[in-house]
Amino acid sequence: MVWIVISLVVFSLLKLLVTSLPSGVVERLFRRYAVHAKVTSDQTNMTFQGRPLDDQQKFQVIQYFNEATFIERYYIYPGDEERFLHPSDGPVPLTMQTKIGKHDITLFLFHYDDHVDVVRQYTHKPKKKLTAYRLQSEPLQTFQHMAHA
């Protein structure tokens, strides 16, 4: 009987602790496990069609990327990585090399008329782990036109 009372008290305290975490802790947890993480301009290099972007374009693309709306995450089956990195009918990707947290990451942004596909590749992992997801951002969807202007 005593164990039941003790376990109820401990469970109640845990529930109270978890449901009332400070907002800073919650934000940190969300940032750490976010699929669509924000990037900063000082840690990012960008190229499009093999040419580096100028600082103004780089700043705009980072702003549009950070403000983009996350739509869905794709599951990448083992052995299917090449299809995501080099789609057969896909556009030329905008490549962003950046650092998110402790990880060096390469982001490939494939812009289509109605969405942007992002393939995130961890560059220093033994198997170069990939994550892919879809964003919606009107300025990024029309990036190719913006890059040639």
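Rules behind the numbers
- Residues numbered from 1 in each chain as written.
- Predicted model: local features only at pLDDT ≥ 70, side-chain atom pairs only at ≥ 80, totals over all residues.
- Heavy atoms only, no water.
- Salt bridge = Lys/Arg side-chain N within 4 Å of Asp/Glu carboxyl O.
- Helix = DSSP H or I, 4+ residues; strand = E, 2+ residues; numbered from the N terminus.
- Buried < 20%, exposed > 50% of the residue type's maximum accessible area, 1.4 Å probe, protein only.
- Phe/Tyr/Trp six-rings, centres within 6.5 Å; stacked < 30°, edge-to-face > 60°.
- Lys NZ or Arg CZ within 6 Å of the ring centre and 35° of its normal.
- Patch = residues over 30% accessible without salt bridge, like charges linked within 9 Å, V, L, I, M, F, W, Y side chains within 5 Å.
- Areas by Shrake-Rupley, 256 points an atom, 1.4 Å probe, with all protein chains shown as cover.
- Pairing = 2+ DSSP bridges.
- Contact = heavy atoms within 4.5 Å.
- Axes fitted to C-alpha atoms, helices over the stretch in contact; angles between N-to-C directions.
- Expected span 1.5 Å × (residues − 1).
- Arc of directions from axis to C-beta.
- Polar contact = N/O pair within 3.5 Å; in protein donor to acceptor, adjacent residues only side chain to side chain.

### Observations concerning the pattern of salt bridges
For step 1, the next point in the chain: This structure, assessed with the given rule, holds 4 salt bridges.
For step 2, the next point in the chain: Note that Arg134 is salt-bridged to Glu72, the shortest N-O span being 3.7 Å. Of this pair, Arg134 sits in strand β7 (residues 130-136) while Glu72 is found in strand β3 (residues 69-74), placing the two residues 62 residues apart along the sequence.
For step 3, the next point in the chain: Across the pair Asp104 and Lys99 runs a salt bridge whose closest N-O atoms are separated by 3.8 Å.
For step 4, the next point in the chain: Judged by its relative accessible area of 34%, Lys99 falls in the partly exposed class.
For step 5, the next point in the chain: Each member of the salt-bridge network shares a partner with another, and the members are Glu72, Asp117 and Arg134.

### Thoughts on the packing of aromatic side chains
For step 1, the next point in the chain: For the structure shown, the criterion picks out 3 aromatic pairs.
For step 2, the next point in the chain: Each ring, one from Tyr74 and one from Phe84, has its centre 6.1 Å from the other, and the planes form 40°; the classification is tilted. Residue Tyr74 is located in strand β3, and its partner Phe84 is located in helix α4 (residues 81-85); the two are separated by 10 residues in the primary sequence. The burial state of Tyr74 is the same as that of Phe84; both residues are buried.
For step 3, the next point in the chain: Directly above the ring of Phe84 sits Arg83, whose terminal nitrogen or CZ lies 4.9 Å from the centroid.

### Here we look at a nonpolar patch on the surface
For step 1, the next point in the chain: A contiguous nonpolar surface patch, about 660 Å² in accessible area, is contributed by Val2, Trp3, Ile6, Val10, Leu14 and Leu17.
For step 2, the next point in the chain: Position of Val10 among the secondary structure elements: in helix α1 (residues 2-19).
For step 3, the next point in the chain: Since its relative accessible area comes to 44%, Val10 is described here as partly exposed.

### So, the sheet that holds β3
For step 1, the next point in the chain: The strand order β2-β1-β4-β5-β6-β7-β3 describes an open sheet built from 7 strands, whose pairing is antiparallel. Each having just a single partner strand, β2 (51-52) and β3 make up the two edges of the open sheet.
For step 2, the next point in the chain: Two strands pair when backbone bridges link them, and strand β6 (residues 116-122) and β7 are joined in this way by 6 bridges, in the antiparallel orientation. In the sheet register, Val118 faces β7, and the bridge partner there is Tyr133.
For step 3, the next point in the chain: Lying over the sheet, helix α3 (residues 55-67) contacts β1 (45-48), β3, β4 (94-100), β5 (103-111), β6 and β7, oriented at roughly 100° with respect to β1.

### Comments concerning the environment of Leu107
For step 1, the next point in the chain: Relative to the helices and strands, Leu107 resides in strand β5.
For step 2, the next point in the chain: Exposure remark for Leu107: the relative accessible area of 1% places this residue in the buried category.
For step 3, the next point in the chain: On a C-alpha basis, the gap between Leu107 and Gln97 in space is 6.3 Å, while along the polypeptide they are 10 residues apart.
For step 4, the next point in the chain: The residues touching Leu107, leaving out its near neighbours within four places in the chain, are Val39, Phe65, Leu94, Thr95, Met96, Thr98, Val118, Val119 and Arg120.

### Notes on α1
For step 1, the next point in the chain: Between the first and last C-alpha of α1 there are 26 Å, a value that for 18 residues agrees with the 26 Å anticipated at 1.5 Å per step.
For step 2, the next point in the chain: Sparse coverage of α1 is indicated by the burial of 0 of its 18 residues.

### A few points about α3
For step 1, the next point in the chain: Over its 13 residues, α3 runs 18 Å from end to end, which matches the ideal 18 Å to within 8%, given 1.5 Å per residue.
For step 2, the next point in the chain: Listed as buried for α3 are Gln57, Lys58, Val61, Ile62, Phe65 and Asn66. When α3 is viewed along its axis, its buried side chains cluster within an angular range of 160° and face the same direction. Opposite its buried face, α3 presents the exposed residues Gln56, Phe59 and Glu67, each directed more than 90 degrees away.
For step 3, the next point in the chain: In this structure Asp54 caps α3, since a side-chain oxygen of it lies 3.3 Å from the backbone nitrogen of Gln56.

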